[in-house]
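Spelled out from the first residue to the last, the chains are:
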Amino acid sequence: MSSPTSRSAFFLGLREALPMALVVFPFGMVFGVVATEAGLELIETMVFTSAVIAGASQLTGLHLMQDAAPLLIVLASALAVNLRMAMYSAALTPHFGQASLLRRALIAFFTVDQNYALCAKRFDGPERLSLGWKTGYFAGTTVPTAPFWISGTLLGALVGDAIPEWLPLDFAVPITFVALIAPGLRTGAHRGAALVSAMLALAFAWLPYNLGLMVAGIGGMMTGAQLELILERRKLKKEGLA
Amino acid sequence: MTGTQYDGPLLWVVIFGLALGSFGLRFLFLGVVGNRPMPEWVLRHLRYTAVAVLPGLVAPMVVWPAATGGEPEPVRLTAILATLVTGLVTKNMTLSIIAGAVVLGLGLALT
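Below: a short report on this structure. (Residues numbered from 1 in each chain as written. Chains lettered and ligands numbered in written order. Predicted model: local features only at pLDDT ≥ 70, side-chain atom pairs only at ≥ 80, totals over all residues.)

This part is about the overall build of chain A. A tally of regular secondary structure across chain A gives 13 helices and zero strands. C-alpha atoms of chain A, sized along the principal axes, occupy 55 × 55 × 30 Å. Scored against the burial criterion, the 242 residues of chain A give a buried share of 51%. In chain A, the share of contacts with a sequence separation of at least 24, taken over all contacts with a separation of at least 6, comes to 76%. (Helix = DSSP H or I, 4+ residues; strand = E, 2+ residues; numbered from the N terminus. Buried ≥ 20, exposed ≤ 12 C-beta atoms within 10 Å, placed from the backbone. Contact = placed C-beta atoms within 7 Å.)

The structure is reproduced here in structure tokens:
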């Protein structure tokens, strides 16, 4: 991490990830406020947010705990939201496979949507980049993400109590989630998965232990995967005709 | 977590369970699987996990909000619609949060 290449890669990553802080910080605040409203102590909120570093997953867990859902459902649902991290991990492996175990563990711990997206764009380009360069770049993209997430939570938790009663904070979570999903609904497969998931969740809301969410999640994933296959086949057919 | 079974040590079980599980998912390939390729069908399903789980979580909160005792409410529905449309059009998370919050705030102030 001390060679000139990795240093310049670090600052490039830092510069490119800086706008992400504007998204990560307020989202961190939302978690801090909502966790405090739910009755979590400052220390609980801060350990939660610093050890998990995954907003959607944390809010899912928090919401289900407030619903008094069983422990296994809380863990399974919150981790299901994070399954995409396994995909990021798989995608980063060809780039960092040669790094030391400690570095791979650190990279894994700090992988979030924002810095993964930046790395994926950079690393899959035409340039051949060294391991040192990639490690430096990843470290640079991490500075405006995880630390801003954690400090956002801290501020949210500290001001949470000062927020007046009449503010409709109950709705901070749905609004944040929809804002998180909507920009990612790029393809018909994504939109289909989201729509089926929402409809299944409403149709199976009567199931005990929040199992309706499991039905919605599995149904949504299958819909997305199948639609992707269908759309790909249709595209191939069209190209074959042209 | 007042008033539920998570008002005590069980909360820490959730926090550490999520911390370990999240790290496990992030480390799975980098640390354990290495360069071995995953079957295409697994990857295809994994691509949709976030958009398949989050809408299912949100839909009941929107249609039957806890704050109104589970009664559907036009202001909250409109606020979610504003969030969704802004997110689809601008692809910007912060802007769509602001849109939803403004509609919700105005709507509740006027009704």
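Moving on, we get to unusual backbone geometry. In this model, Ala68 of chain A sits at a positive phi of 55 degrees, which is unusual for a non-glycine residue. For Ala68 of chain A, a count of 13 C-beta atoms within 10 Å gives the class partly exposed. One non-glycine residue, Lys91 of chain B, lies in the positive phi region at around 55 degrees. Looking at the element boundaries, Lys91 of chain B is found in the loop between α4 (74-90) and α5 (93-110). Residue Lys91 of chain B is classed as partly exposed on the basis of its 14 C-beta neighbours within 10 Å.

So, on to the nonpolar core. Formed by 108 residues in total, the largest nonpolar core has its most connected members in Val34, Ile175, Phe177, Val178 and Ile181 of chain A together with Val51 and Leu54 of chain B. Counting contributing residues, this core receives three or more from each of domain 1 (4-184) and domain 2 (186-242) of chain A. (Core = buried A, V, L, I, M, F, W, Y, C linked by C-beta atoms within 7 Å. Domains from an automatic or database assignment.)

Take the packing of helix α2 (residues 21-37) of chain A against helix α10 (residues 146-159) of chain A next. Residue and element names in this part refer to chain A. Interaxial distance between α2 and α10 falls to 6 Å at its minimum, and their mutual angle equals 40 degrees. Here α10 runs oblique to α2, going by the angle between their axes. Two packed elements cross with a definite hand, and for α2 against α10 that hand is right-handed. Taken together, the residues of the contact of α2 with α10 sort by class into 16 nonpolar, six polar and no charged. (Axes fitted to C-alpha atoms, helices over the stretch in contact; angles between N-to-C directions. Parallel < 35°, antiparallel > 145°, perpendicular 65-115°, else oblique. Left-handed = near helix turned anticlockwise from the far one by under 90°. Nonpolar A, V, L, I, M, F, W, Y, C, P; charged D, E, K, R; others polar.)

Contacts between the two partners involve 79 residues from chain A and, on the opposite side, 67 residues from chain B. Among the residues forming the side of chain A that touches chain B, the class breakdown is 57 nonpolar, 17 polar and five charged.

As far as function goes, none of this settles anything; it's purely spatial.
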